[in-house]
Amino acid sequence: MKRLVPVAVSAIAVVASVLVPQSVEATKHDDFVIVGHRGASGYRPEHTLASYELAARMGADYIEPDLVTTKDHVLVTRHEPEIGGTTDVASHPEFAGRKKTKLLDGVATTGWFTEDFTLAELKTLRAKERIPAVRQHNTVFDGHYQIPTFQEVIDLSKRLSKELGRPIGIYPETKHPTYFRQQGLPLEPELIKTLSRNGLNRPDAKVFVQSFEVSNLKALDKQLRVPLVQLTSSAGAPYDFVASGDKRTYADIVSAKGLREVATYADGVGPSKDQIIPLDAAGKLGKPTSLVADAHKAGLVVHPYTFRVENTFLPADFDSSGAPNDSGNLFAEIAAYRKTGIDGLFTDNADIAVDEEKETR
């Protein structure tokens, strides 16, 4: 296991302003980790090279590709194996017959799935905004970007690291690993091969690997030399636990005892932010839990998700209006969470997270 030392960072609340995204080189900042969640998905359709590049130019330390696989076993970046909501596949009559209903982690899901397409076929599709009702401004980019391969994301990070004069890390997530293993297309061998081929399977590489499941992280801990992060949710359980009959839940994992076990195979935990500060009945921030302190005591870093500027995603404390899609006070939300001692965060709005950090130094 690769041990990281947690860095507790405190912050003061600042007055929020919503910034127009600019592709500018950002100055270096402290050890607080800012992850461009699916890129700069507040400003470009997620999991596109344009989204990843913009996040890096805004100052993100890492860009986050979610990994799924094609029929010919090439890792590509999509939020889910089902791509009806993030590409224009429905408008391609040649692929109408590929629409299926499958059990995705036990849930019947209808649509088009990456494992039913070759890479060449996927490259004929174009990305579109996943939540157009919330981010209508992103829809102007619909149809302009391809689905990237994992290798293309690595190539982009290398190019931008040279151009920007600072290392741009990658923070890949294995999506639905049990599901893909059931399809005969396990993600982990290709992930290991790709990182190794690019000289990134080493302790000092700027790479984190994350998963919502547990067994694949335990297996990866024996083969990868980069830090691993156990993702958790405020509800439910890892699907590999469900599939194997293990009754433990994510709540068990983020208990003090559970975090000590996580530390035997991983180096960090990526909780849902409401596992750190739950919301009260009015939707406002309540009293912080002991998760951050317990994780740090176990030797784990803490990188919660997901920090987004729209009112619909913010605690009610920081809403700017009653309109759910208006931009609220993300500066203040980030500041409140940094007071708990988190070591980093995932955000759709890397520019705001970077500016918040600058103001608190």
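So, here is what we can say about the structure in this document. (Residues numbered from 1 in each chain as written. Predicted model: local features only at pLDDT ≥ 70, side-chain atom pairs only at ≥ 80, totals over all residues. Heavy atoms only, no water.)

Now for the packing of helix H11 (residues 330-338) against helix H12 (residues 350-359). Look at H11 against H12: their axes get within 10 Å of each other, and the N-to-C directions meet at 60°. The angle between H11 and H12 places the two elements in the oblique class. The element H11 and its partner H12 pack so that their crossing is right-handed. Each of Leu330, Phe331, Ile334, Ala335 and Arg338 in H11 lies in contact with H12, whose residues at this interface are Ile352, Ala353, Asp355, Glu356, Glu357 and Glu359. Looking at the contact of H11 with H12, its residues break down into six nonpolar, no polar and five charged. (Axes fitted to C-alpha atoms, helices over the stretch in contact; angles between N-to-C directions. Helix = DSSP H or I, 4+ residues; strand = E, 2+ residues; numbered from the N terminus. Parallel < 35°, antiparallel > 145°, perpendicular 65-115°, else oblique. Left-handed = near helix turned anticlockwise from the far one by under 90°. Contact = heavy atoms within 4.5 Å. Nonpolar A, V, L, I, M, F, W, Y, C, P; charged D, E, K, R; others polar.)

Here the focus is the pairing of strand S10 (residues 228-231). What you see with S10 is no split at all: Leu228 and Gln230 on one side and Val229 and Leu231 on the other are buried throughout. Sheet topology places strand S9 (residues 209-211) next to S10; three bridges connect them, and they run parallel. Looking at S10, one finds that Val209 is bridged to Leu228. Taking the sense of rotation as the criterion, the β-α-β connection linking S9, helix H6 (residues 215-220) and S10 turns out right-handed. Across three bridges, the pairing between S10 and strand S11 (residues 268-270) is parallel. Among the inter-strand pairings, Val229 is bridged to a residue of S11, identified as Gly268. (Buried < 20%, exposed > 50% of the residue type's maximum accessible area, 1.4 Å probe, protein only. Pairing = 2+ DSSP bridges. Right-handed = clockwise from strand over helix to strand, strands pointing away.)

Moving on, we come to the packing of helix H1 (residues 49-58) against helix H3 (residues 150-164). Between H1 and H3, the shortest axis-to-axis distance is 11 Å and the interhelical angle comes to 30°. When the axes of H1 and H3 are compared, the pair comes out roughly parallel. In the crossing of H1 with H3, the sense of the turn from one axis to the other is right-handed. Together, Leu49, Tyr52, Glu53, Ala56 and Arg57 of H1 and Glu152, Val153, Leu156, Arg159, Leu160, Glu163 and Leu164 of H3 make up the contact between the two elements. Split into classes, the residues belonging to the contact of H1 with H3 amount to seven nonpolar, no polar and five charged.

What follows concerns the pattern of salt bridges. Inspection of the entire model under this criterion finds 25 salt bridges. The partner of Asp348 in a salt bridge is Arg308, with the nearest N and O atoms 2.8 Å apart. One end of the pair, Asp348, is in the loop between strand S13 (344-347) and H12; the other, Arg308, is in the loop between strand S12 (301-302) and H11, and 40 residues separate them in sequence. Asp348 sits in the buried class, given a relative accessible area of 1%. Salt bridges sharing common partners tie together Arg38, Glu46, Asp66, Arg130, Glu173 and Lys175. (Salt bridge = Lys/Arg side-chain N within 4 Å of Asp/Glu carboxyl O.)

With that out of the way, let us pick up the packing of aromatic side chains. For any pair of aromatic rings, geometry is given as the distance between the ring centres together with the angle between the planes. The final tally for this structure, using the stated rule, is 10 aromatic pairs. For the ring pair Tyr171 and Phe208, a centre distance of 4.7 Å and an interplane angle of 20° mean the geometry is stacked. Here Tyr171 is found in the loop between strand S7 (169-170) and strand S8 (173-174), whereas its partner Phe208 is found in the loop between helix H5 (188-197) and S9, with 37 residues between them in sequence. Phe208 matches Tyr171 in its accessibility class, with the two residues each being buried. Relative to Tyr250, the ring of Phe212 lies with its centre 6.2 Å away and its plane at 75°, an arrangement referred to as edge-to-face. In this pair, Phe212 is assigned in the loop between S9 and H6 and Tyr250 in helix H8 (residues 250-253), connecting sequence segments 38 residues apart. Taking the relative accessible area as the measure of exposure, Phe212 reaches 23% and is therefore partly exposed. Look at Tyr250 and you get buried, because its relative accessible area is 5%. What links up through ring pairs into an aromatic cluster is the set Tyr62, Tyr171, Phe208 and Phe346. Across the ring face of Phe117, the terminal group of Arg98 is positioned such that the distance to the ring centre comes to 5.1 Å. The ring of Tyr62 carries the charged tip of Lys206 above its face, separated from the ring centre by 5.3 Å. (Phe/Tyr/Trp six-rings, centres within 6.5 Å; stacked < 30°, edge-to-face > 60°. Lys NZ or Arg CZ within 6 Å of the ring centre and 35° of its normal.)

Our focus in this paragraph is H1. The buried count for H1 comes to seven of 10 residues, which makes it a mostly enclosed element. All of the buried residues along H1 are Ser51, Tyr52, Leu54, Ala55, Ala56, Arg57 and Met58. Where the residues of H1 are buried, they touch strand S1 (33-36), strand S2 (62-63), strand S4 (75-77), H3 and H12. Backbone geometry just downstream of H1 places Gly59 in the positive-phi region, at approximately 115°.

What follows covers the environment of Val140. Relative to the helices and strands, Val140 resides in the loop between helix H2 (119-122) and H3. Since its relative accessible area comes to 55%, Val140 is described here as exposed. Sequence spacing of Val140 and Val302 is 162 residues, and the spatial spacing of their C-alpha atoms is 35 Å.

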